[in-house]
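Residue-level listing of the chains:
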Amino acid sequence: MASRSCFSALLLLLVAFEFIFVIGVTLPRCRPIVANDNDQIQFALNLEFLEADFFLFGALGKGLDDFAPSLALGGPPPAGGRMANLDPTTRRIIEEFGYQEIGHIRAITQSVGGIRRPQLNLSAEAFAAIMNQAMNTTLSPPFNPYANSINYLLASYVIPYVGLVGYVGTIPNLDRKTSLSLVASLLGVEAGQDAVIRGLLYERADETVSPYGLTVTNFTNRISEFRNRLGMCGVKDEGLMVPVQLGAENRTTSNILSADANSLSYSRTPAEILRIVYGTGSERSPGGFFPKGGSGRIAMRLLQ
Ligand SMILES: *[C@@H]1O[C@H](CO)[C@@H](O)[C@H](O)[C@H]1NC(C)=O
Ligand SMILES: *[C@@H]1O[C@H](CO)[C@@H](O)[C@H](O)[C@H]1NC(C)=O
Ligand SMILES: *[C@@H]1O[C@H](CO)[C@@H](O)[C@H](O)[C@H]1NC(C)=O
Ligand SMILES: *[C@@H]1O[C@H](CO)[C@@H](O)[C@H](O)[C@H]1NC(C)=O
């Protein structure tokens with residue numbers, strides 16, 4: 001009897017500890033934010049702007065200001081974007097992705113109103129800094145995303161996936177059916193882009209990224225680990241090759257799509273996303289691709 005109640009007390013204590021852990025430790029950093037549908041959907045525009053200008057410049061050497069200037073709502077021109085040295089197939093794919101992002105920006109703007117495009121930093125140096133952090137070394141020569149198709153695809157690996165998990169993260173917090181329908185439709189194309197980029201990289205998984213002596217797999221695994229460190233909310237990002245325990249149904253080490261134990265997409269909150277795209281691990285410290293921080297109510301609120 002005594003040992004049983006002792007056991008129950010212990011169990012209760014354990015449950016209490018778990019509760020404190022979840023409430024006190026996990027939640028403040030990782031809990032969803034409270035915001036209305038429009039603000040949540042507008043937050044996604046930050047990533048859509050980043051993708052639009054990175055893809056359009058990479059494929060064509062010009063950006064949103066040349067194709068649909070009104071959608072930037074007077075935001076400053078992006079710094080450092082340029083045409084990448086791509087093979088013809090990759091160029092066609094990236095060009096298409098760039099146009100798709102223009103469509104996404106238009107759809108969001110028409111549905112919930114636009115926000116001013118934030119200052120973007122698409123310079124080779126901004127990518128080089130992020131790659132150095134991800135690889136935990138100083139790559140020499142500095143990583144240049146615009147040098148060739150492999151480098152460009154590795155740089156692209158950094159972006160749509162973050163947009164994708166961000167859209168998944170908004171779904172439980174949306175009130176209106178029209179918002180859900182818009183986000184699901186954006187998510188469909190975003191997931192497709194991520195899958196194509198990862199598929200193209202997977203075909204080259206064992207190729208060495210010249211002149212670093214590291215493979216494509218090495219890069220993707222490190223970039224994913226780095227994003228998990230910056231996001232600070234556990235493993236929500238996996239490279240192209242994983243230990244079998246992280247593969248689909250624990251049966252494979254290939255990981256062309258990054259997903260959880262039931263092969264469901266991971267989700268991230270706006271704060272997690274900002275910690276990653278700022279490259280600083282803090283939603284209050286802009287940097288990386290957004291040297292002055294993101295636009296819209298949510299990003300501005302989190303900055304304080
Ligand atoms: C872009 O990033 C690079 C590398 O961090 C930095 O040197 C440069 O000043 C940044 N440009 C802008 C406009 O923030
Ligand atoms: C980065 O490298 C340093 C020194 O080489 C090492 O101490 C540290 O553990 C590494 N960090 C990660 C996250 O791998
Ligand atoms: C690169 O990958 C190979 C095999 O996949 C592994 O043995 C090696 O440790 C990795 N190197 C780095 C720096 O991650
Ligand atoms: C895969 O392994 C993990 C532990 O590593 C386990 O939690 C999970 O249930 C396993 N999944 C399947 C489908 O066997």
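Residues numbered from 1 in each chain as written. Chains lettered and ligands numbered in written order. Predicted model: local features only at pLDDT ≥ 70, side-chain atom pairs only at ≥ 80, totals over all residues. Heavy atoms only, no water.

Our next topic: the side chain of Ser-282. Of note, Ser-282 is situated in the loop between helix H10 (270–277) and helix H11 (296–303). When its relative accessible area of 17% is taken as the criterion, Ser-282 is described as buried. Of the polar contacts made by the side chain of Ser-282, one reaches the backbone nitrogen of Arg-284; its length is 3.0 Å. (Helix = DSSP H or I, 4+ residues; strand = E, 2+ residues; numbered from the N terminus. Buried < 20%, exposed > 50% of the residue type's maximum accessible area, 1.4 Å probe, protein only. Polar contact = N/O pair within 3.5 Å; in protein donor to acceptor, adjacent residues only side chain to side chain.)

Counting residues in each nonpolar core, the largest one holds 81 residues, and the members touching the most others are Phe-54, Leu-154 and Phe-219. What Leu-154 contacts, discounting residues up to four positions off in sequence, is Met-131, Phe-143, Leu-201, Val-209, Val-216, Phe-219, Thr-220 and Ile-223. (Core = buried A, V, L, I, M, F, W, Y, C linked by side-chain atoms within 4.5 Å. Contact = heavy atoms within 4.5 Å.)

Further remarks concern the pattern of salt bridges. Evaluation of the coordinates by the stated rule reveals eight salt bridges. Its salt-bridge partner being Arg-117, residue Asp-53 comes within 3.0 Å of it at the nearest N-O pair. In this pair, Asp-53 is assigned in helix H2 (residues 37–60) and Arg-117 in the loop between helix H4 (88–112) and helix H5 (124–135), connecting sequence segments 64 residues apart. For Asp-53, a relative accessible area of 0% puts it in the buried group. In this structure, Arg-117 and Asp-65 form a salt bridge, with 2.9 Å as the shortest nitrogen-oxygen distance. Of this pair, Arg-117 sits in the loop between H4 and H5 while Asp-65 sits in helix H3 (residues 64–67), and the two are 52 residues apart along the sequence. (Salt bridge = Lys/Arg side-chain N within 4 Å of Asp/Glu carboxyl O.)

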